[in-house]
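# Architecture at a glance
Here are the chains, one letter per residue:
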Amino acid sequence: MVIYHLALSVFSVNDTGAQSMKEAVLHIKSEKRMHILRVQSSALMAIHSYMHKHGVVQSMPIILSPETDPLNHPHFDASVEYYGQRLHLTKSMILHKQLSLLNDGIDKIYFMSPNVRLEDGKLKETGRHLFEFSQVDIEFKDKTKKDFIRFTDGMIASIYKFVMRKCADDLKALDRTLKVPKLPLKVYESEDLRKELGEDFEKLVSHRAEDPFWIMNFRREFYDREDKERRGYYHNYDIFWPEGYGEALSGGEREWEHKEIVRKMAERKTNMKAFDTYLQVSSQGLIPRTVGGGLGIERMVRYLTGQKHIRDVTLFPRVPGERIIF
Ligand code: ASN
């Protein structure tokens, strides 16, 4: 795991977002932003009511903690020293989602969680990256990926239905046409797609797809469960939006055995000292058996509203490498 500590000047190259206070104000005042936020509000409403209907309880997110998702790709450190303790801004609530299910009375939980990931400025070109964004982070106890897929398929369909019903005028103003996807959503194996389409398979399938779809099995962080009989096979997944909009959700079944967690951390050269308390919990056999995933809110809204760049779905864009005005 590489964590870069770089000078702040790195972040001020090649700005393409708002360059001045005036442009940033115009960005906020744009009528398009109003339509987009109305779509977002309805999508979030659909998610909350789907969760409520299925007995998934909501907990408030935390944004500073001694241990957070290590992430498996390069990023800059975002932490502060507070009363002798180093506290990190949340990169994802994965560890806290697992810990929250220690409560015997809670077996399904979700958070609307802000994440801060100070990634490379080059990512602004993708149109899909914000260094500050939010995800709907969901976790279920004693369930499998099959259960999660069934649940999430229903949630995705309910978002489409609600948004199409409540925001017909907004979608029209944005010149966006949506259609409710057919369930179950298609499920692909990454190995098959790689063989058929090469390394760029995610992009290619997302471009040709008409409905969201799942891809199974990615080598990622230590916490996604690897098959013991079939090393190199991970019981995890992503959902992708169609029409080339790319990744929507990522998640998986989780490791719960201490031995596996330590082995995977060592394999990924994770600094185990940075996960001391989590490892104390796992060494006592307390990590619950869970499955879950996180749905990126801004990426969802970008897709639903048909925006080219993700900066356009936020009032206060946080695009890697771009100058921030407000
Ligand atoms: N939310 C993701 C998950 O549930 C973790 C992440 O965002 N890195 O697996």
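Preceding block: the structure.
Here goes a summary of the coordinates provided. (Residues numbered from 1 in each chain as written. Predicted model: local features only at pLDDT ≥ 70, side-chain atom pairs only at ≥ 80, totals over all residues. Heavy atoms only, no water.)

## Let's talk about the site of the ligand
In the neighbourhood of the ligand, the contacting residues comprise Asp69, Ser92, Lys97, Arg117, Gln135, Asp137, Tyr223, Ser250, Gly251, Arg254, Gly293 and Gly294. Here Tyr223 contributes a side-chain N or O atom positioned 3.2 Å from a nitrogen atom of the ligand. Here an oxygen atom of the ligand sits 2.8 Å away from a polar atom, N or O, in the side chain of Arg254. Here the ligand, which alone exposes 270 Å², has 93% of that area covered by the protein. Taken atom by atom, the bulk of the ligand overlaps the largest pocket. (Near = heavy atom within 4 Å. Polar contact = N/O pair within 3.5 Å; in protein donor to acceptor, adjacent residues only side chain to side chain. Areas by Shrake-Rupley, 256 points an atom, 1.4 Å probe, with all protein chains shown as cover. 1 Å grid on protein atoms, 1.4 Å probe; cavity = no way out; pocket = protein on both sides within 12 Å on 5 of 7 lines; lining within 4 Å. Sits in = over half its atoms within 2 Å of the grid points.)

## Description of unusual backbone geometry
Among all residues except glycine, the phi angle is most often negative; among peptide bonds, the trans geometry is most common. For the bond running from Leu183 to Pro184, omega is -5 degrees, close enough to zero to count as cis. At Asp175, a residue that is not glycine, the phi angle is positive and equals roughly 60 degrees. Residue placement: Asp175 occurs in the loop between helix H5 (168–173) and strand E9 (186–189). Given a relative accessible area of 69%, Asp175 falls into the exposed group. In this structure, Lys269 takes a positive phi of about 55 degrees despite not being glycine. If you trace the backbone, Lys269 turns up in the loop between helix H8 (258–267) and helix H9 (276–283). (Helix = DSSP H or I, 4+ residues; strand = E, 2+ residues; numbered from the N terminus. Buried < 20%, exposed > 50% of the residue type's maximum accessible area, 1.4 Å probe, protein only.)

## Looking at the sheet that holds strand E5 (residues 79–82)
Ordered by their spatial adjacency, 3 strands build an open sheet running E3-E6-E5, and the pairing between neighbours is antiparallel. Lying at the two open borders of the sheet, with one neighbouring strand each, are strand E3 (64–65) and E5. Here E3 pairs with strand E6 (residues 85–89) via 2 bridges, running antiparallel. Considered in E6, the bridge of Ser65 is made with His88. (Pairing = 2+ DSSP bridges.)

## A short note on the packing of helix H2 (residues 31–53) against helix H10 (residues 297–305)
Close contact between H2 and H10 brings their axes to 10 Å; oriented N to C, the two are set at 120 degrees. Relative to H10, the element H2 is oriented oblique. Handedness of the H2/H10 crossing: right-handed. In this structure, H2 contributes Ile36, Val39, Gln40, Ala43, Leu44 and Ile47 to the contact, and H10 contributes Ile297, Met300, Val301, Leu304 and Thr305. Here the contact of H2 with H10 is built from residues that sort into 9 nonpolar, 2 polar and no charged. (Axes fitted to C-alpha atoms, helices over the stretch in contact; angles between N-to-C directions. Parallel < 35°, antiparallel > 145°, perpendicular 65-115°, else oblique. Left-handed = near helix turned anticlockwise from the far one by under 90°. Contact = heavy atoms within 4.5 Å. Nonpolar A, V, L, I, M, F, W, Y, C, P; charged D, E, K, R; others polar.)

## A few points about the packing of aromatic side chains
The relation between two aromatic rings is expressed through the spacing of the ring centres and the mutual angle of the planes. Scanning all chains against the criterion turns up 16 aromatic pairs. Here the aromatic rings of Phe140 and Phe151 are separated by 4.9 Å at their centres, their planes lie at 90 degrees, and the arrangement is edge-to-face. Taken together, the positions of Phe140 in strand E8 (residues 132–141) and Phe151 in helix H4 (residues 145–166) put the pair 11 residues apart, joining distant regions of the chain. Relative to Phe240, the ring of Phe213 has its centre 5.4 Å away and its plane inclined at 15 degrees; by these criteria the two rings are stacked. Here Phe213, found in strand E10 (residues 213–216), pairs with Phe240, found in strand E11 (residues 236–241); they are 27 residues apart in sequence, far enough to count as distant. The same class applies to Phe213 as to Phe240, namely buried. What links up through ring pairs into an aromatic cluster is the set Tyr50, Phe140, Phe148, Phe151, Trp214 and Tyr237. Between Arg176 and the ring centre of Tyr303, over which it is positioned, the NZ or CZ distance is 5.0 Å. When the ring centre of Trp256 is taken as reference, the NZ or CZ atom of Arg289 above it lies at 3.8 Å. (Phe/Tyr/Trp six-rings, centres within 6.5 Å; stacked < 30°, edge-to-face > 60°. Lys NZ or Arg CZ within 6 Å of the ring centre and 35° of its normal.)

## Here's the deal with the environment of Tyr233
Its place among the elements puts Tyr233 in the loop between E10 and E11. You can call Tyr233 buried: its relative accessible area is 6%. As a C-alpha pair, Tyr233 and Phe218 span 15 residues in sequence and 7.8 Å in three-dimensional space. If sequence neighbours within four positions are ignored, Tyr233 has contacts with Lys145, Glu189, Met216, Asn217, Arg225, Glu226 and Asp227.

## Remarks on the pairing of E5
Bridging between E5 and E6 involves 4 bridges; their strand directions are antiparallel. Its bridge partner being in E6, Ser79 is matched across the sheet by His88. The antiparallel pairing of E5 with E6 creates a hairpin that spans 2 residues between the two strands, and Tyr83 there sits at a positive phi of about 45 degrees.

## Considering H9
The set of residues buried in H9 consists of Tyr278, Leu279, Val281 and Ser282. Around the axis of H9, the buried residues are gathered within 155 degrees of arc, so they sit on the same side. Buried residues along H9 sit against helix H3 (94–100) and H8. Once H9 finishes, Gly285 follows within two positions and takes phi at roughly 70 degrees, a positive value. (Arc of directions from axis to C-beta.)

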